[in-house]
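Now for the letters of each chain:
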Amino acid sequence: MVQYETTSKSPGNGLIRHSTPKAARPFFTKLAELIISLFRRLDSNKDGRLSRQELKNAFNSLGSKLPTYRAFTGLYQADENRDGHITEEEMDKLVQYALRRGYHVR
């Protein structure tokens, strides 16, 4: 869990520090975390990015009947910088796409 500190004014005492847990991905459920784990596991060259082939393998593992199409569409939806790979920063959008399409880890 990521921790961060905030400060607030206390009457007469100056600043008080609070250590509050911050959710790294607040909208994710356990299912989404499992999908993220699967995507990371299928990063075959361990470069921290998912290529189109790695996405195809991931959607195949999720049970897609059209993994090539899902990889293409997932890449189109999530690849914000259009470099042809899904980076860690773009993972949220890819997982949102997979969840919208009804995929889950078997």
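Rules behind the numbers
Residues numbered from 1 in each chain as written. Predicted model: local features only at pLDDT ≥ 70, side-chain atom pairs only at ≥ 80, totals over all residues. Heavy atoms only, no water. Buried < 20%, exposed > 50% of the residue type's maximum accessible area, 1.4 Å probe, protein only. Helix = DSSP H or I, 4+ residues; strand = E, 2+ residues; numbered from the N terminus. Arc of directions from axis to C-beta. Axes fitted to C-alpha atoms, helices over the stretch in contact; angles between N-to-C directions. Parallel < 35°, antiparallel > 145°, perpendicular 65-115°, else oblique. Left-handed = near helix turned anticlockwise from the far one by under 90°. Contact = heavy atoms within 4.5 Å. Nonpolar A, V, L, I, M, F, W, Y, C, P; charged D, E, K, R; others polar. Core = buried A, V, L, I, M, F, W, Y, C linked by side-chain atoms within 4.5 Å. pLDDT = per-residue confidence, 0-100. Salt bridge = Lys/Arg side-chain N within 4 Å of Asp/Glu carboxyl O.

A word on helix 4 (residues 91-100)
At step 1: Buried within helix 4 we find Met91, Leu94, Val95, Tyr97 and Ala98. On an axial view of helix 4, the arc spanned by its buried residues comes to 155°, and they lie on one face.

A short note on the packing of helix 3 (residues 67-78) against helix 4
Two packed helices can be described by the angle between their axes and the distance between those axes.
At step 1: Interaxial distance between helix 3 and helix 4 falls to 8 Å at its minimum, and their mutual angle equals 130°. Considering their axes alone, helix 3 and helix 4 lie oblique with respect to each other. Relative to helix 4, the crossing made by helix 3 is right-handed. For the pair helix 3 and helix 4, the contacting residues are Arg70, Thr73, Gly74, Gln77 and Ala78 in the first and Lys93, Leu94, Tyr97 and Arg100 in the second.
At step 2: Of the residues in the contact of helix 3 with helix 4, the class split is three nonpolar, three polar and three charged.

Some words on the nonpolar core
At step 1: Among the nonpolar cores identified, the biggest contains 20 residues, and Phe39, Phe59 and Leu94 are the most heavily contacted of them.
At step 2: The set of elements that each furnish at least two residues to this core consists of helix 1 (30-41), helix 2 (52-61), helix 3 and helix 4.
At step 3: Beyond its immediate sequence surroundings of up to four residues, Phe59 is in contact with Phe39, Ser64, Pro67, Arg70, Ala71, Leu94, Tyr97, Ala98 and Tyr103.

Things to note about the confidence of the model for the chain
At step 1: Averaged over the chain, the pLDDT score is 79; the fraction of residues at 70 or greater is 73%.
At step 2: Low pLDDT (under 50) marks residues 1-22, which in the prediction has 28 contacts with non-local residues, meaning those over four places away or in another chain.

Some words on the pattern of salt bridges
Opposite charge on two side chains makes pairing possible when the charged atoms of those side chains draw close.
At step 1: A full pass over the atoms with the stated rule returns four salt bridges.
At step 2: Put simply, Glu88 and Arg40 hold a salt bridge, and the shortest N to O gap is 2.3 Å. Placement of the pair is Glu88 in the loop between helix 3 and helix 4 and Arg40 in helix 1, with a sequence separation of 48 residues.
At step 3: Residue Arg40 is classed as partly exposed on the basis of its relative accessible area, which comes to 39%.
At step 4: Notably, a salt bridge pairs Glu80 with Lys93, separated by 2.9 Å at the nearest N-O pair. Linking Glu80 in the loop between helix 3 and helix 4 with Lys93 in helix 4, this pair joins segments that are 13 residues apart in sequence.
At step 5: Here the salt bridges do not stand alone but share partners, grouping Asp47, Arg49 and Asp83 into one network.

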